Amino acid sequence: MLIIGNGRMVTRDEETPFYENGAVAVDADRIVRTGETEELKAAYPKAEFIDAKGGVIMPGLINTHEHIYSAMARGLSINGYNPKGFLDVLDGMWWTIDRALDNRQTRMSAKATYLDCIKNGVTTVFDHHASYGEIRDSLFTIADVAEEFGVRSCLCYEVSDREGPDKMKEAVRENEAFIRHALKDQSGMTAGMMGMHAAFTLSDSSIAFCMEHKPKEAGCHIHVAEGIDDLYDSLQNHGKRIIDRLMDLEVLGPKTITAHCIYINSHEMDVLKETDTSVVHNPESNMGNAVGCPPTMEIVRRGILTGLGTDGYTHDMIESYKTANILHKHHTCNPNAAWTEVPKMLFYNNAAIANRYFEKPLGVLKEGAAADIIVADYIPLTPMDASNVNSHILFGMNGRSVVTTVINGCVVMKDRRLISIDEEKVMYECRQEAERLWNTINGWR
Ligand SMILES: [Zn+2]
């Protein structure tokens, strides 16, 4: 038994959303009780006690669109890389990296990324992976690290025609093998999806090949209209808009995640809503790639399940939360925009998306929920209660405010000390592999 207490506690449970001095009791991988600190200490006198020291106790954060493969891009300078648009960014940077990645580098990318997730209080990750340098076993390699570091993960490989038909098929088979493996897993820590890059790098027959090989329990994870060229391709080569094309190819549904959705129209939103397909917004990445601002407020208003990701830009969900908040105020010229939509995306919708793959309730501190709990060392300078916790998080915290991370009942970081990960060694090995990757890439130039 474990109790995390002596902090202001934000539960995301409607019945008791906030405790001034709250605690959460954990037995194995589940929460068994929430309440006042003294009450829980009295109820479970023998439990190990983690003292939040007056900080904020809340559910672990969830990232619904992440890219482990991008880890080694940090600080990389590719000879001749000078993008004029989004396609240049994809081809010149991301496809160049994933064309070179082998499983050793994938493993170190996963270690570095998961380590940063833990330090930022991210306890569940939906990753979208590409490593055309070595496809086979790449998802199993990431899953190894997820298990070793204890991070709940839903993985997929991004199928694309961009490296030719053989590699496209190998990517589909990697997804299929991993989904089947994850479906047999009893830990509640692993899930798989059929990953696809984007409609414009996939022919109809390749998407059909994905769907033939996708076990029925899983959905798809695909980039949609991240750039205007994706829409042009769909209109010019297929005579229909992207969401209509995906609808016709039976990609959409409650288990499918469409990332970005920047260039979708009202009709496409209706189709997403009717099929109960999720959308994930990645504000920093969209801004960095200069691809435009998605109509996220309208997508949320229509009741489409819309989550928040980082797209590999960072691993800090609070940074993504802050950016989404100001992006949509700025974009709609409305200082009142995003106050309710963006917190809903991060704190509720990401959990709803994740629970389409993981059985135990996530993103909530209540009896029976998964024991994914974080503590932030945030002491409010103004009164804090259930009505204003989201503002306190928005203006007062960042990912590195998180000092303690518990995932599935395991304490993986306590008072900023990683419990069973040798951070120095991981970072040293990651730098070695990054150097090898960089030399490969610039050796091609
Ligand atoms: Zn992405």
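About the thresholds
- Residues numbered from 1 in each chain as written.
- Predicted model: local features only at pLDDT ≥ 70, side-chain atom pairs only at ≥ 80, totals over all residues.
- Heavy atoms only, no water.
- Phe/Tyr/Trp six-rings, centres within 6.5 Å; stacked < 30°, edge-to-face > 60°.
- Helix = DSSP H or I, 4+ residues; strand = E, 2+ residues; numbered from the N terminus.
- Buried < 20%, exposed > 50% of the residue type's maximum accessible area, 1.4 Å probe, protein only.
- Lys NZ or Arg CZ within 6 Å of the ring centre and 35° of its normal.
- Pairing = 2+ DSSP bridges.
- Axes fitted to C-alpha atoms, helices over the stretch in contact; angles between N-to-C directions.
- Contact = heavy atoms within 4.5 Å.
- Donors = N, O, S within 2.8 Å, 3.2 Å for Na, K, Ca; no water.
- Tetrahedral: all angles 85-135°; square planar, octahedral: opposite > 155°, others 65-115°.
- Salt bridge = Lys/Arg side-chain N within 4 Å of Asp/Glu carboxyl O.

Q: What am I meant to see in the packing of aromatic side chains here?
A: Both the distance between ring centres and the angle between the ring planes are used here to describe each pair of aromatic rings. On inspection of all chains with the given rule, the structure shows 7 aromatic pairs. Relative to Phe-358, the ring of Phe-126 has its centre 6.2 Å away and its plane inclined at 90°; by these criteria the two rings are edge-to-face. Taken together, the residues Phe-126 in strand 7 (residues 122-127) and Phe-358 in the loop between helix 13 (341-354) and strand 15 (373-376) connect sequence positions 232 residues apart. With respect to class, Phe-126 is no different from Phe-358; both count as buried. Ring geometry for Phe-140 and Phe-178: centres 5.3 Å apart, planes at 80°, overall edge-to-face. Of this pair, Phe-140 sits in helix 4 (residues 138-149) while Phe-178 is found in helix 5 (residues 165-184), placing the two residues 38 residues apart along the sequence. For Phe-140, a relative accessible area of 25% corresponds to the partly exposed category. A relative accessible area of 0% means that Phe-178 is categorised as buried. Its guanidinium or amino end placed over the ring of Phe-49, Lys-41 lies 4.4 Å from that ring's centre, counting from NZ or CZ.

Q: How should the sheet that holds strand 14 (residues 306-308) be read in this particular structure?
A: Sheet strands pair by backbone hydrogen bonding; their relative direction is either parallel or antiparallel. Across the sheet, which stays open at both edges, the 5 strands sit in the order 10-11-12-13-14 with parallel pairing between neighbours. With one partner strand each, in any of the chains shown, strand 10 (194-198) and strand 14 form the two edges of the open sheet. Each strand of the sheet is rotated relative to its neighbour by a mean of 25°, with strand direction disregarded. Judged from the 3 bridges that link them, strand 12 (residues 257-260) and strand 13 (residues 278-281) form a sheet pairing that is parallel. Bridge pairing in strand 13 places Ile-257 opposite Ser-278. In the packing of helix 12 (residues 317-332) onto the sheet, the strands contacted are strand 13 and strand 14, and the crossing angle to strand 14 comes to about 120°.

Q: Before we go on, may I ask you to explain the coordination of the zinc ion in this structure?
A: Put simply, a metal with four donors set out as a tetrahedron has ideal angles of 109.5 degrees, and one with six donors set out as an octahedron has ideal angles of 90 or 180 degrees. Each protein donor to the zinc ion is listed here as His-65 (NE2), His-67 (NE2), His-223 (NE2) and Asp-311 (OD); together their distances run 2.0 to 2.2 Å. In this structure, the zinc ion is surrounded by 4 donor atoms whose angles at the metal cover 89 to 165°, and the resulting shape is irregular.

Q: Whenever I open this one, the pattern of salt bridges confuses me. Can you help?
A: Where charged atoms of side chains with opposite charge meet at close range, the side chains can pair. Throughout the structure, instances matching the rule amount to 25 salt bridges. Here Arg-8 and Glu-20 are joined by a salt bridge, their closest N and O atoms 3.4 Å apart. In this pair, Arg-8 sits in strand 1 (residues 2-10) while Glu-20 sits in strand 2 (residues 18-27), placing the two residues 12 residues apart along the sequence. For Glu-20, a relative accessible area of 48% translates into the label partly exposed. The closest approach of N and O atoms between Arg-33 and Glu-39, which form a salt bridge, is 3.2 Å. Arg-33 gets classed as partly exposed once you look at its relative accessible area, which sits at 31%. Here Glu-39 falls in the partly exposed class, since its relative accessible area comes to 36%.

Geometric descriptors of this kind do not, in isolation, establish any biological role.
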